[in-house]
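Analysis of the macromolecular model
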Amino acid sequence: MSDSRVLVRVTRDIQAQHLHFEAEFPVSSSDWELQLPTWRPGRYELGNFGQYIMSVTGVDRDGGEHKLEKSSLHAWTVPLHVRKIRWTFHADILNAGSTCVEADLFYVNPVNCFMYDTARQDLGYEVVLNDLELNQEWALATAMPWEDRDGKPTMQARDVQHLMDCPWVASPKLWHDVYREQGVDFHVWIHDCLPADTNRFMAEHVAFTRSQLASFKEFPVAEYHFLYLFPDREVRHGVEHEDSTVIALGPAERVQSEAGHMEIIGIASHELYHTWNVKRIRPAEWTPYDFTGPCPSELGYVAEG
């Protein structure tokens, strides 16, 4: 591992709906502070993610485990002799801004559950999905760069800001299509229920994408990912990210109805627009994001329209 990267291994406990994290941070010259985010982009509000943390443990070079003392409600002091951090997160909420582990879904919004060093936010991250085997059934959808290393999907984030804004979805029920506009690939991923007419669904994505590109003239990223969660349960939520969006809608009857179809297209167009407005054009108070506390701004009405 590079001296400038954090190696994080993520393992699922599907029955308990837990995620187990083991993170190896580059060696520090002194004690440091481990932070869990308390504020998240997309909702631009505080989130009490600490309530889902089941345990936090430090591990020394000999494998000995040590309880970490809290320095604040969502932060822990890491002594110099600790080399790895282990923590467990309860992941049972399925909406566009949360994290959920089920038998057929591995969905993570990193800002809910990833820890970072407040003094070294420029560190890159390597995220290894320790027990996920990609095959003819299971697929992985994310805007974060990744590769298959020895059978384990490994994602790379350039720094904390990038990591916290790159959700992923893995599932054996993941439909995929792609269209290309102005040299940019736009990926459409759908978990679970499909719209009644996928050809129309894709054609309307092309239409609103072309319309927005005509206004802005160019797209700020090399590729974009629509991550759709369409479970057969009640949910409605959309969250924009740096080069992707997560949109959740259900139940299946709603997704496959005409009203539901138009609702999805409206949300998708809204979230794509955020690729420019909010993700690149945004209040100074949100540049860069401060995940440690509230980030008030009087320009929320501009951000959301």
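One structure accompanies this document, and this report is about it. Since the model is a prediction, treat every value here as computed from it, not as a measurement. For every chain, the first residue of its written sequence is number 1, and the numbers climb from 1 along that sequence. Totals for whole chains, interfaces and linings use all residues, but because this is a predicted model, local features are given only for residues with pLDDT of at least 70 and pairs of side-chain atoms are given and counted only at 80 or more. Side-chain descriptors were evaluated using all non-hydrogen atoms of the structure, hydrogens and water having been removed beforehand.

1. Some words on the packing of aromatic side chains
Ring geometry is summarised as follows: Phe, Tyr and Trp rings, the Trp one being its six-membered ring, pair when their centres sit within 6.5 Å, and such pairs are stacked at plane angles under 30 degrees, edge-to-face over 60 and tilted between the two. Under the definition given, this model contains 24 aromatic pairs. Taken together, a centroid distance of 6.2 Å and an interplanar angle of 80° make the contact between Phe114 and Trp168 edge-to-face. Placement of the pair is Phe114 in the loop between α1 (110-113) and β13 (116-117) and Trp168 in strand β18 (residues 168-171), with a sequence separation of 54 residues. With a centroid separation of 5.9 Å and 80° between ring planes, the pair formed by Phe219 and Tyr224 is classed as edge-to-face. Exposure categories follow from relative accessible area, calculated using a 1.4 Å probe and restricted to protein chains: below 20% of the type maximum is buried, above 50% is exposed, and the middle band is partly exposed. Relative accessible area serves as the criterion here: at 0%, Tyr224 is assigned to the buried category. Taken together, the ring pairs in this structure connect Tyr179, Phe186, Phe201, Phe208, Phe216, Phe219, Tyr224, Phe226, Tyr228, Phe230, Tyr273 and Trp276 into an aromatic cluster. Note on conventions: DSSP H or I runs of at least 4 residues are helices, E runs of at least 2 residues are strands, and numbering of each starts at the N terminus.

2. Brief notes about the sheet that holds strand β21 (residues 223-230)
To summarise the sheet geometry, strands pair through backbone hydrogen bonds and adopt either a parallel or an antiparallel arrangement. In this description, strands pair whenever DSSP reports at least two bridges between them. Read across the open sheet, the five strands follow the order β19-β20-β21-β23-β22; overall the sheet is mixed. Looking along the sheet, the strands with just one partner apiece sit at the ends: β19 (174-181) and β22 (235-240). Sheet twist, expressed as the mean angle between neighbouring strand axes with direction ignored, is 15°. Bridging between strand β20 (residues 184-192) and β21 involves eight bridges; their strand directions are parallel. Following the sheet pairing, Val188 is matched in β21 by Phe226. Contact between two residues is taken to exist if any of their heavy atoms lie within 4.5 Å; hydrogens are not considered. Convention adopted: a line fitted to C-alpha atoms gives each axis, helices being fitted over their contacting stretch, and angles between N-to-C directions are expressed from 0 to 180 degrees. Contacting β19, β20 and β21, helix α3 (residues 198-216) runs over the sheet at an angle of about 35° to β19.

3. Considering the packing of α3 against helix α5 (residues 258-273)
Interhelical geometry of α3 versus α5 gives an angle of 30° and a closest axis separation of 10 Å. In terms of their interaxial angle, α3 and α5 are classed as roughly parallel. The two elements α3 and α5 meet at a crossing, and its hand is right-handed. Residues Arg200, Phe201, Glu204, His205, Phe208, Thr209, Gln212 and Phe216 of α3 form the contact with α5, whose own contacting residues are Glu258, His261, Met262, Ile264, Ile265, Ala268, Ser269, Leu272 and Tyr273. For this classification, under 35 degrees means roughly parallel, over 145 means roughly antiparallel, 65 to 115 means roughly perpendicular, and everything else is oblique. Crossing handedness is defined as follows: a turn of the near helix away from the far one that is anticlockwise and smaller than a right angle gives a left-handed crossing, while the clockwise case is right-handed.

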